[in-house]
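Below, each chain spelled out in residue letters.
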Amino acid sequence: MALGAVAAMPWASAAEFSAAAPAQLAAAVKKSHPGDTIILADGTWRDAAIDLAVGGTSSAPLVLRAQTPGGVVFTGASSLTFSAAHVEVDGVVFKDGSPAKGNVVEFDSDDCRLTNSAVVDFNPVDPAKGYYWVYFHGNRNRVDHCLFQGKNHYEPLVGNNINGSRYNTVEFSHFKDIAYVNQNGREIFRVWGYGGNEELGPDGAFFTIANNLFEHAHGEGQEIISLKSNRNVVRNNTIRGTRGGITNRSGNYNTIEGNFIFGDGQAGTYGLRITGQYHRILHNYIEGVSGFGINVMCGELFLEPLTDGFKPILREGTVHGRVPAYNQPRNTTVAYNTIVNCGGPGLVIGSDYRSGWPARQRVLLPEFCHIANNLIGQSAGGVAVSITAPDRKPPLDRLEFAGNTYDGNLVNGGAIKAEPVPAGIVAQELKFVRDAAGALRPADAALAQSSAAAAPAVFSKEASPFRPLTAADVGPDWVKARRAAGDPAFR
């Protein structure tokens, strides 16, 4: 059903309405004004395709609130679309259903909010059917303190539209028990927007992913968070036992800061994979992943062929009519990260060199990057740091690279695979101790203050602004209470 828009009118004071079924909700919304509250009656709401086309104002949003947090359960072919600005929905559950069309929750407007809510096992009969659980096609919308559990079908869980979608936020939410299927396109986050074709202008998606917990949220098992746009922030999230990692797949000017990634013995885990320009990769903590820790990859020379075998990726509407398979990392800072006990190298600079040659020209090594004050511990040995040297044989001898700067990086255990080894990467014995939050810190107090999750100022004596999150820090409070009571729906 679509809830029709009405013209804005003056009102004396905020009113409260009640609704126990979709038709009653439609009537309540139709007569509502900014600042009003609609109480949704507890119970099962089946096949409720709700389109909120009447809204509020910045100072007086229209609020839809469950009678009891978690007591309103949308099932069957239900969905929720925010089509008007300044609407808040609080305390609802989507469970055991699948939308008839579109996505489960869609923000098709601006300045709206979903809070204190859950989407659990909202899956189609055919897992090949694709839709998002949350999709942003508007600006300045927010999802917070929500639970997303049990997704098993195609398409990412959260998506950001490539056009007309900026400054959206997902925070303090819990992503857990997402099935692993080895199929591209099942990311937990896919953040499209300006920059997805490697544009360097002032625009971007400006998406914020902050203070979330991911537990066994596998999806495709490659990209947990996939950034494909400019000027996004991924900050203070915790990832535990989840296949894949955080990937800057395309886009520029992104900040990935203060995140904690624990492999927890899970196969197919890694830390960060970086392409593109002008990123800030700061204060991240990566422990026990099965693959690499931080990987600054090679980019593709895509504007000219080096051999007759080159097959460019053609894309209409882009600046050059073509795009690189991966953009060259340039002018990026990788600093104050702690990387311990990875199955692969802790730090990789220039991976996938000549991968797919000659159809793909992945031969642009990172340059103008600043790699500083990272701590890398490999107690089991192996390769701790790997830096790729350029091939000087034709036709690659025509390429020259500015190189990168290295300063204050310390390596404990494991080999440094580089020719020559930069002066700013030093093998040094480091002792780590586990702190109260469960992360390993250098026993040396000065190093501990300037390492991952320390305050941004070097050697600051202030308390760390970053720490690993637990289930107590995220999601709806009512879910925590039900989980503590043994409710099997919220395992």
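Just so it is clear, the model here is predicted, and its values are computed rather than measured.

Enquirer: Provide a residue-level description of unusual backbone geometry, including the pertinent values.
Expert: What you tend to see is this: most non-glycine residues have negative phi, and most peptide bonds are trans. Along the chain, Trp-357 connects to Pro-358 via a cis peptide bond; the corresponding omega equals 5 degrees. Tracing the backbone shows Pro-358 in the loop between β37 (347-351) and β38 (370-372). The omega angle of the peptide bond from Pro-394 to Pro-395 is 0 degrees, so this bond is cis rather than trans. Here Pro-395 lies in the loop between β40 (383-387) and β41 (405-407). Of note in this structure, His-216 is not a glycine but carries a positive phi near 50 degrees.

Enquirer: Can you break down the packing of aromatic side chains residue by residue, with the values?
Expert: Evaluated as defined, the whole model comprises 18 aromatic pairs. Ring centres of Phe-136 and Phe-207 lie 5.5 Å apart, and the angle between their planes is 80 degrees; this geometry places the pair in the edge-to-face category. One end of the pair, Phe-136, is in strand β14 (residues 134-136); the other, Phe-207, is in the loop between β20 (189-192) and β21 (208-210), with 71 residues separating them in the sequence. The residues Phe-136 and Phe-207 share a single accessibility class, namely buried. Measuring from centroid to centroid gives 5.1 Å for Phe-148 and Phe-175, while their planes differ by 20 degrees, and the two rings are stacked. Here the residue Phe-148 occupies a position in strand β16 (residues 147-149), and Phe-175 occupies one in strand β19 (residues 174-180), the gap between them amounting to 27 residues.

Enquirer: Can you lay out the pattern of salt bridges for me, pointing to particular residues and giving the numbers?
Expert: In a structure, side chains of opposite charge can pair up when their charged atoms sit close to one another. Tallying each qualifying case throughout the model produces 27 salt bridges. Residue Arg-140 pairs with Asp-111 through a salt bridge whose shortest N-O separation is 2.9 Å. Separated by 29 residues along the polypeptide, Arg-140 in the loop between β14 and β15 (142-144) and Asp-111 in the loop between β11 (105-107) and β12 (113-115) bring together distant segments of the chain. Taking the relative accessible area as the measure of exposure, Asp-111 reaches 24% and is therefore partly exposed. The partner of Arg-273 in a salt bridge is Glu-223, and the shortest N-O contact between them spans 3.2 Å. Of this pair, Arg-273 sits in strand β29 (residues 269-274) while Glu-223 sits in strand β23 (residues 223-228), and the two are 50 residues apart along the sequence. The exposure class assigned to Glu-223 is buried, which follows from its relative accessible area of 8%.

Enquirer: How would you explain the environment of Thr-269 if you had to name every residue and give the values?
Expert: Tracing the backbone through its elements, the reader meets Thr-269 in strand β29. In this structure, the C-alpha to C-alpha distance between Thr-269 and Ala-472, residues 203 residues apart in sequence, is 24 Å. Excluding residues within four positions of it along the chain, Thr-269 makes contact with Thr-242, Arg-243, Gly-244, Gly-263, Val-289, Ser-290 and Gly-291.

Enquirer: I'd like a description of the nonpolar core, backed by residues and values.
Expert: Grouped together as the largest cluster of nonpolar side chains are 80 residues, with contacts concentrated most on Ile-38, Phe-175 and Phe-189. When neighbours within four sequence positions are excluded, Phe-189 is seen to be in contact with Val-158, Val-170, Phe-175, Phe-207, Ile-209, Phe-214, Ile-224, Ile-225 and Ser-226. Among the nonpolar cores identified, the runner-up in size contains nine residues, and Cys-298, Tyr-353, Val-363 and Leu-365 belong to it.

Enquirer: Which residues make up the side chain of Gln-149, and what values do they have?
Expert: Secondary-structure assignment places Gln-149 in strand β16. Owing to a relative accessible area of 0%, Gln-149 belongs among the buried residues under this scheme. Only 3.2 Å separates the side chain of Gln-149 from the backbone oxygen of Ala-489, close enough to count as a polar contact. Beyond its immediate sequence surroundings of up to four residues, Gln-149 is in contact with Val-119, Val-120, Asp-121, Trp-133, Lys-176, Asp-177, Ile-178, Ala-489, Phe-490 and Arg-491.

Enquirer: Explain the confidence of the model for the chain to me, and be specific about the residues and the numbers.
Expert: With 94% of its residues at a pLDDT of 70 or more, the chain has an overall mean of 93. Confidence drops under pLDDT 50 across residues 1-10; counting only partners more than four residues distant or on other chains, this segment forms 21 contacts. Counting interchain partners and residues more than four positions distant, the pLDDT-below-50 stretch residues 452-462 has 36 contacts.

Enquirer: Give a detailed account of the pairing of β29, specifying residues and quantitative values.
Expert: Counting buried positions along β29 gives six out of six residues, so the element sits mostly inside the fold. The sheet contact formed by strand β26 (residues 244-250) and β29 spans four bridges and is parallel. Residue pairing across strands places Asn-248 opposite Ile-274, the latter belonging to β29. Strand direction decides the pairing type here: β29 and strand β32 (residues 294-297), joined by three bridges, are parallel.

Enquirer: Could you give an account of the environment of Pro-390, naming the residues involved and the relevant values?
Expert: Along the chain, Pro-390 turns up in the loop between β40 and β41. On a C-alpha basis, the gap between Pro-390 and Asp-126 in space is 47 Å, while along the polypeptide they are 264 residues apart. With near-sequence residues (within four places) excluded, Pro-390 lies in contact with Tyr-353, Leu-365 and Phe-401.

Enquirer: Now, about the state of the cysteines: what can you tell me, with residues and values included?
Expert: One pass over the structure, following the stated rule, counts zero disulfides. There is no disulfide at Cys-112, and the cysteine sulfur nearest it, in Cys-146, is 14 Å away. Exposure remark for Cys-112: the relative accessible area of 2% places this residue in the buried category. Left unpaired, Cys-298 is separated from the closest cysteine sulfur, that of Cys-369, by 11 Å. A relative accessible area of 0% means that Cys-298 is categorised as buried.

Calculation notes
- Throughout this document, residue positions are counted from 1 along each chain, in the order its sequence is written.
- Residue-level local features of this predicted model are given only where pLDDT is at least 70; pairs of side-chain atoms are given and counted only at 80 or more, and the full residue set underlies all totals for whole chains, interfaces and linings.
- Heavy atoms from the whole structure form the basis of all side-chain values; hydrogens and water molecules are not counted.
- Here a helix means four or more residues in a row that DSSP labels H or I, a strand means two or more in a row labelled E, and each is numbered from the N terminus.
- Aromatic rings from Phe, Tyr and Trp, with only the six-membered ring used for Trp, were paired whenever their centres fell within 6.5 Å, and each pair was classed as stacked if the ring planes differed by under 30 degrees, edge-to-face if by over 60, and tilted otherwise.
- Summary of the burial criterion: residues with accessible area below 20% of their type's maximum are buried, those above 50% are exposed, and those between are partly exposed, where the area comes from a 1.4 Å probe applied to protein chains only.
- One side-chain nitrogen of Lys or Arg within 4 Å of one carboxyl oxygen of Asp or Glu is enough to make a salt bridge.
- What makes two residues a contact is simply this: any of their non-hydrogen atoms within 4.5 Å.
- Among the buried residues, those of types Ala, Val, Leu, Ile, Met, Phe, Trp, Tyr and Cys that are joined through side-chain atoms within 4.5 Å form a nonpolar core.
- Here a polar contact is recorded for every N or O atom pair within 3.5 Å, except that within protein the pair must consist of a potential hydrogen donor and a potential acceptor, and residues adjacent in sequence are included only if both atoms are side-chain atoms.
- Scored from 0 to 100, pLDDT reflects the predictor's confidence in each residue.
- A pair of strands is considered paired only if DSSP assigns at least 2 bridges between the two.
- Working definition: a disulfide is two cysteine sulfur atoms within 2.5 Å of each other.

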